[in-house]
Amino acid sequence: MASDPLSLPAIHASHVGIWIADTHGRVQRVGRGEAIAAVAATPHLLLNATLTGDRLGYPELSGLDLLELFAFLYPARFAVPTPAGIAATIGITPPKTEEDIAAFLPQATAAMLAGIDDPAWPEREGAWHGMQALARQCWPWAPLVQPRPTAPDANERWLFARLPEWEEAPPRAAPRQVRVNPDDVTARLDRLTGDGAERRPGQQEYARATAAIFEPRERKDAPQMLVAEAGTGIGKTLGYLAPAKQWIDQSAGSVCISTFTKALQRQLSRETERLYPDAATHREKVVVRKGRENYLCLLNLEDALQGGFSGRAAILAQLVARWAAYTRDGDMVGGDLPGWLPALFRRNGTTALTDRRGECIYAGCPHFRKCFIERSARAATQADIVIANHALTMVQAARPRDGGAPATRLIFDEGHHLWDAADSMFAAALTGQEAVEIRRWVLGPEGKSRGRRRGLAARLADVASYDEAGERAIQAAIAAAAELPGDGWLGRLSENDPWGAIERLLAAVRGQVYARAVDTRTADAGYGLETELADPDAALVAAAAGASDAVEALLRPLLALGKRLEALIEDPPDWLDGQARARVDGARHSLGTRVDTLGSWLSLLGRVGGPADPDFVDWLAIDRYDGREFDCGLHRHWLDPARPIADIVYRPAQGVLVTSATLRSGHGAQGWTEADIRTGARHMDGSVRHFAVPSPFDYARQSEIIIVTDLARGDLPALAGAYSRLIEASGGGALGLFSAIRRLRIVHARIADRLARAGLPLYAQHVDPLDTGTLVDIFRADPHASLLGTDALRDGVDVPGESLRQVIMEGVPWPRPTILHAARRAAQGGNAYDDMVIRGRIGQAFGRLIRRADDFGQFVMLSPSFPSRLLSAFPEGTPIRRLPLDEAVNHVAAANVERRKTAFPAFSPS
């Protein structure tokens, strides 16, 4: 839609320079001081105030941010937050150069505002009322937007009236015992891939193999289990969806697909649309499930809209309310809320709009029947396919009350991450922060603290009124919880003035860590400190005994309260109506979680001064960030975290598939041994089948590995220079991976301006104020851009095509020498364990490079001492070159020239 540009000044700032367009559209390049003076005097149009402020070195920057306008006009719509991304979304011509962006912003603004006058504007409902609320908050866009939408003839349905209510449904029947015919699976796969599609033998073999997990189980605690590696490009998603849908149709059962990354959850949701093309049916049959902390809490939102937020946070609340009326499922983290929206508000008020601290009051909430979390949980019990994440799947297996009856068939995609997910899920930590959370859960708000958090007494007021034994248990728990650390505990520890048994324990932990931690350079760098829980001193042993008594004093009444609540449910009194029952059920849910935590604390405290448990690794730690302490305490992890996966998750299931493109970190039988270690399959008594199908990609023609041989380790200027030269040689399209945030920031600071002047934008995690998903979206959209990041970019990033043609690793990703790693290394064979971990990381990083048949890419390792034994991490047949940096740069540049001429460059034999 063509519109005349607005007569408003605009600013664009990047690593290349700063440009300002005046009210007549004339553009001039200005210096930083002149730009800051201009925007401080007059609000300017801009795109992403937070990022622009960083570029200017002026974090207080404010103005008319087009991203905020977009969020208001088009809630729950996707857009890459760049000039080209906004232009593509609203249908106008994007700017061609950096110099054109400032003049483009008024044109884009005019086009967006003109859309309000379009009778077909799909997000019109609620806009007028939302605009009035934003005007009261002095939103900078209000004077331009408020006159445009007309007042509705009748009262619009406001958010809380607009949202549908969920309905209770009877439990889903157990699936019928059926056998899936592999020929039927192949036929269904053909239908899913589409008529005329190229038949992929590898995908068909994979689909037929995975059908085995849907066979009836032959004996208790022995599921039909398959560990399957499907190389990149096989199409494993449809490969396991085809037999899953066949089994669902025949058995009326449900399947849980578990992933590690939110990106794969989104991808799976899209892929399942092939199974259920009708949108309404898809919403009913496929449910994406996440932890409750991912979803918008309607009561928190209502509090924010009624004065709980002020200033910029209040504006964010109104924009989130607009989104909530159009969202599919209320998912604020990785869902359809724009990932860049919270970053525009530096204090990120979205965390206060979710239930991150266990504040939920369940049926006591006026929005309970419309709650996104409750709707998702109930929808999952009726869905054919539930797409969850590894952590939630493990929680539901360990605590079935959290999610209803579990699915009998489990598919773990990204199975190479099961070890890490279990390591977090089944760990225990008695730290100051954890103890404070328990205290707040029992006592509720104290002193001048604000918020909706309600303690046990308020949450179970009706139980206390009608049940004498329940009231006694609640009061005993309140008295015991008062002994836990409260506000200011860190300050008291630093002054050696602890209060209460738990704080005395933490003080003893802190003293022993500082006395025994070896690496003082690590301390100076601001990282955490740790020491083994071995041969504790007398002060720590005595403090642990006192802390154990305090924990038991809290655990006893909570156990008693749990029994009273169970009795009320089993034999309900007259006063227990539907809402009261729901409140009791909610309390039982959260109570069980806290009881489990306290039980793990007692076990950990029993270790202090007692015998070590060979199944666990215990240590003491002080957590620090930028030299500041933020937590300390005792930690316990499983030596082999895959063991509880086998016992708690696999054994109760009827069928289990663990799959990934990189399950084996090597080739041959040794690779399967390592895969079984990482997935926990080795604990399943030999009843596990293995299947592997290689990638269809021609890695010998589509890729190569370059190992740079003359870069000195620790030479940061040389490292930065290498990154810059390699990115320039490839013309962008590079993904740079680091094992330390500090080195990433140093390299980015040294090369970003230089690359920008060459027309090669550089973005970076932990530098640019954008979430990881948005950074990947920007990188994917611009073939000249490059992106620097850490572990989060090594896994789960899918950028096919021109935008990713080079992966650069700063060096071998050696594991950090922590106490936990040392124990596992000793238990799993020393160097062999290290090599398994490293090969897995390198394999995942290499896997980002080739995502489809017409991709070409180079993997560059900046490590002169790269061990030959680790080369098995790469696909067989991939060319490997060891070159000095100068030759490597020339080789990358030559390949880039050749790539532009032909589909793939022609390599001569090494």
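Criteria and cut-off values
- Residues numbered from 1 in each chain as written.
- Predicted model: local features only at pLDDT ≥ 70, side-chain atom pairs only at ≥ 80, totals over all residues.
- Heavy atoms only, no water.
- Helix = DSSP H or I, 4+ residues; strand = E, 2+ residues; numbered from the N terminus.
- Rg over C-alpha atoms; globule rule 2.2 N^0.38 Å.
- Buried < 20%, exposed > 50% of the residue type's maximum accessible area, 1.4 Å probe, protein only.
- Areas by Shrake-Rupley, 256 points an atom, 1.4 Å probe, with all protein chains shown as cover.
- Lys, Arg positive; Asp, Glu negative; His and termini not counted.
- Charge placed at Lys NZ, Arg CZ, Asp CG, Glu CD.
- Pairing = 2+ DSSP bridges.
- Axes fitted to C-alpha atoms, helices over the stretch in contact; angles between N-to-C directions.
- Contact = heavy atoms within 4.5 Å.
- Parallel < 35°, antiparallel > 145°, perpendicular 65-115°, else oblique.
- Left-handed = near helix turned anticlockwise from the far one by under 90°.
- Nonpolar A, V, L, I, M, F, W, Y, C, P; charged D, E, K, R; others polar.
- Polar contact = N/O pair within 3.5 Å; in protein donor to acceptor, adjacent residues only side chain to side chain.
- Salt bridge = Lys/Arg side-chain N within 4 Å of Asp/Glu carboxyl O.
- Phe/Tyr/Trp six-rings, centres within 6.5 Å; stacked < 30°, edge-to-face > 60°.
- Core = buried A, V, L, I, M, F, W, Y, C linked by side-chain atoms within 4.5 Å.
- pLDDT = per-residue confidence, 0-100.
- Patch = residues over 30% accessible without salt bridge, like charges linked within 9 Å, V, L, I, M, F, W, Y side chains within 5 Å.

Chemist: Explain the overall build of the protein here, please?
Modeler: The secondary structure content of the protein amounts to 37 helices and 23 strands. A compact globule built from 910 residues would reach a C-alpha radius of gyration of about 29 Å, and the protein, at 29 Å, matches this within 12%. Each of the 910 residues in the protein was classed as buried or not, and the buried ones make up 55%. Carbon and sulfur atoms make up 50% of the accessible area of the protein, which amounts to about 37,900 Å² in all. When the 104 basic and 111 acidic side-chain charges of the protein are each reduced to a single mean position, those positions are 1 Å apart.

Chemist: I keep staring at the sheet that holds strand S18 (residues 734-737) and nothing clicks. Help me out?
Modeler: Strands pair in a sheet through their backbones, by hydrogen bonds, and they do so in one of two ways: parallel or antiparallel. Spatially, the seven strands line up as an open sheet ordered S19-S20-S18-S21-S22-S17-S23, and their pairing is parallel. Across the chains shown, the open sheet's two edge strands, defined by having one partner strand only, are strand S19 (762-764) and strand S23 (880-883). Taken over all neighbouring pairs, the strand axes of this sheet differ in orientation by 20° on average, direction set aside. The sheet contact formed by S18 and strand S20 (residues 786-789) spans three bridges and is parallel. By the bridge assignment for S20, Gly736 is matched with Leu788. The strands touched by helix H36 (residues 831-847) within the sheet are strand S17 (703-708), S18, strand S21 (806-809) and strand S22 (857-861), with S22 carrying the most contacts at an inclination of about 145°.

Chemist: Explanation requested: the packing of helix H10 (residues 201-210) against helix H11 (residues 236-251) in the structure shown.
Modeler: Helix packing for two helices is described by the angle between their axes and how far apart those axes are. Close contact between H10 and H11 brings their axes to 8 Å; oriented N to C, the two are set at 40°. As judged from the angle between their axes, H10 and H11 are oblique. Two packed elements cross with a definite hand, and for H10 against H11 that hand is right-handed. Residues Gln203, Tyr206, Ala207 and Thr210 of H10 form the contact with H11, whose participating residues are Lys236, Leu238, Gly239, Tyr240 and Pro243. By residue class, the composition of the contact of H10 with H11 is five nonpolar, three polar and one charged.

Chemist: In this structure, what is going on with the environment of Arg208? I would like to understand it.
Modeler: Within the element layout of this structure, Arg208 appears in helix H10. Setting aside residues up to four positions removed in sequence, Arg208 forms contacts with Pro182, Asp183, Val185 and Thr186. Reaching out from Arg208, the side chain makes a polar contact with the side chain of Asp183 at a distance of 3.2 Å. A polar side-chain atom of Arg208 sits 3.0 Å from a polar atom in the side chain of Thr186.

Chemist: Can you help me understand the pattern of salt bridges in this one?
Modeler: A pair can form between side chains of opposite charge whenever their charged atoms are brought close. For the coordinates displayed, the defined rule picks out 45 salt bridges. Between Arg274 and Glu271 there is a salt bridge whose closest N-O contact spans 3.5 Å. Residue classification places Arg274 among the partly exposed positions, given a relative accessible area of 40%. Here the salt bridges share partners, and the residues they tie into one network are Glu168, Glu374 and Arg378.

Chemist: I keep staring at the packing of aromatic side chains and nothing clicks. Help me out?
Modeler: For any pair of aromatic rings, the description rests on two quantities: the centre-to-centre distance and the angle between the ring planes. Tallied over the full model, the rule gives 15 aromatic pairs. Ring geometry for Phe70 against Trp340: centres 6.2 Å apart, planes inclined by 65°, an arrangement best described as edge-to-face. Of the two residues, Phe70 sits in helix H3 (residues 66-73) while Trp340 sits in the loop between helix H15 (312-324) and helix H16 (372-382), which places them 270 residues apart along the sequence. Both residues of the pair, Phe70 and Trp340, belong to the buried class. Geometrically, the ring pair formed by Phe697 and Tyr699 is edge-to-face, given 6.2 Å between the ring centres and 80° between the ring planes. The two residues Phe697 and Tyr699 agree in class, both being buried. By way of ring pairs, the aromatic residues Phe697, Tyr699, Phe846, Phe859, Phe866 and Phe874 are connected into one cluster.

Chemist: Looking at this structure, how should I read the sheet that holds strand S15 (residues 655-660)?
Modeler: In space, the seven strands of this open sheet follow the order S8-S9-S7-S10-S15-S6-S16, with parallel pairing throughout. Two strands in the sheet have a free side with no partner beyond their single neighbour: strand S8 (286-288) and strand S16 (688-693). Here the strands of the sheet are splayed against their neighbours by 15° on average, with no regard to which way each runs. With six bridges connecting them, strand S6 (residues 224-230) and S16 associate as parallel partners. Bridge pairing in S16 links Ala228 to Phe691. Where helix H28 (residues 642-650) meets the sheet, it contacts S6, strand S10 (409-412) and S15, and its direction lies at approximately 145° from that of S10.

Chemist: So what exactly am I meant to see when it comes to the pairing of S10 here?
Modeler: Along any regular strand the residues' side chains alternate between the sheet's two faces. Burial along S10 is two-sided: the face carrying Arg409 and Ile411 and the face carrying Leu410 and Phe412 are both buried. As judged from the four bridges shared by strand S7 (residues 255-259) and S10, these two strands associate in the parallel manner. Directly across from Val255, in S10, lies its bridge partner Arg409.

Chemist: What should I look at first to understand the nonpolar core in this one?
Modeler: One recurring pattern in soluble globular proteins: nonpolar side chains tend to sit buried together. Phe72, Met112, Leu296, Leu341 and Phe859 are the most contacted members of the largest nonpolar core, which totals 100 residues. Sorting elements by how many residues they give to this core places H15 first, with nine residues. Setting aside anything within four residues of it in sequence, one finds Leu296 in contact with Leu301, Val320, Trp323, Ala324, Gly330, Met332, Leu353, Thr354 and Phe372. Within the second largest apolar cluster, 58 residues are counted, among which are Trp441, Ile474, Ala501 and Leu555.

Chemist: Please clarify how the packing of helix H17 (residues 390-398) against helix H18 (residues 418-425) should be interpreted in this entry.
Modeler: Interhelical geometry of H17 versus H18 gives an angle of 55° and a closest axis separation of 9 Å. Between H17 and H18, the angle is such that the two are oblique. For the crossing formed where H17 meets H18, the hand is right-handed. When H17 is examined against H18, the residues His390, Ala391, Met394, Val395 and Ala398 are found in contact with a partner set consisting of Leu418, Ala421, Ala422 and Met425. When grouped by side-chain class, the residues that make up the contact of H17 with H18 number eight nonpolar, one polar and no charged.

Chemist: Sorry if this is basic, but what is going on with the side chain of Gln765 here?
Modeler: Summarising the element assignment, Gln765 is placed in the loop between S19 and helix H33 (772-781). In this structure Gln765 comes out as buried when scored by relative accessible area, which is 5%.

Chemist: Explanation requested: the confidence of the model for the protein in the structure shown.
Modeler: Do not read the fine detail of predicted coordinates wherever pLDDT is low. For the protein, per-residue confidence averages 88 on the pLDDT scale, and 93% of positions sit at 70 or higher. Contacts of residues 520-526 to residues separated by more than four positions or lying in other chains number ten contacts, the stretch itself having pLDDT below 50. Throughout residues 904-910 the model reports pLDDT below 50, and contacts reaching past four residues in sequence, or to other chains, amount to 20 contacts.

Chemist: Help me out: how do you make sense of the side chain of Glu674 in this one?
Modeler: Structurally, Glu674 is set in helix H29 (residues 669-679). Taking relative accessible area as the criterion, Glu674 reaches 5% and is therefore assigned buried.

Chemist: Any chance you could explain the environment of Glu165 here in plain terms?
Modeler: Along the polypeptide, Glu165 turns up in the loop between helix H8 (159-162) and helix H9 (182-193). Sequence separation between Glu165 and Tyr650 is 485 residues; the distance between their C-alpha atoms is 35 Å. Among residues more than four places away in sequence, those in contact with Glu165 are Arg369 and Lys370.

Chemist: Please explain unusual backbone geometry as it appears in this structure.
Modeler: Keep in mind that most residues, glycine aside, have a negative phi and that most peptide bonds are trans. Even without a glycine there, the phi angle at Ala76 is positive, about 70°. Inspection of the secondary structure puts Ala76 in the loop between H3 and helix H4 (83-90). You can call Ala76 partly exposed: its relative accessible area is 22%. Phi angles above zero are rare outside glycine, and Cys138 is one such case at about 60°. Along the polypeptide, Cys138 turns up in the loop between helix H6 (127-136) and helix H7 (142-145).

Chemist: Please explain the environment of Ser600 as it appears in this structure.
Modeler: By secondary structure assignment, the location of Ser600 is in helix H27 (residues 578-607). For the pair Ser600 and Ala720, spaced 120 residues apart in the sequence, the C-alpha separation amounts to 46 Å. Within the structure, Ser600 has its side chain in polar contact with the backbone oxygen of Thr597 (distance 2.6 Å).

Chemist: Whenever I open this one, a positive patch on the surface confuses me. Can you help?
Modeler: Together, Lys262, Arg266, Arg270 and Arg356 make up a positively charged patch on the protein surface. With respect to the element layout, Arg356 can be found in the loop between H15 and H16.

Chemist: It is not clear to me how the pairing of strand S3 (residues 27-30) should be interpreted in this structure. Could you clarify?
Modeler: In this structure, strand S2 (residues 18-21) lies alongside S3, joined through four bridges in antiparallel fashion. Looking across to S3, one finds that Ala21 is bridged to Val27.

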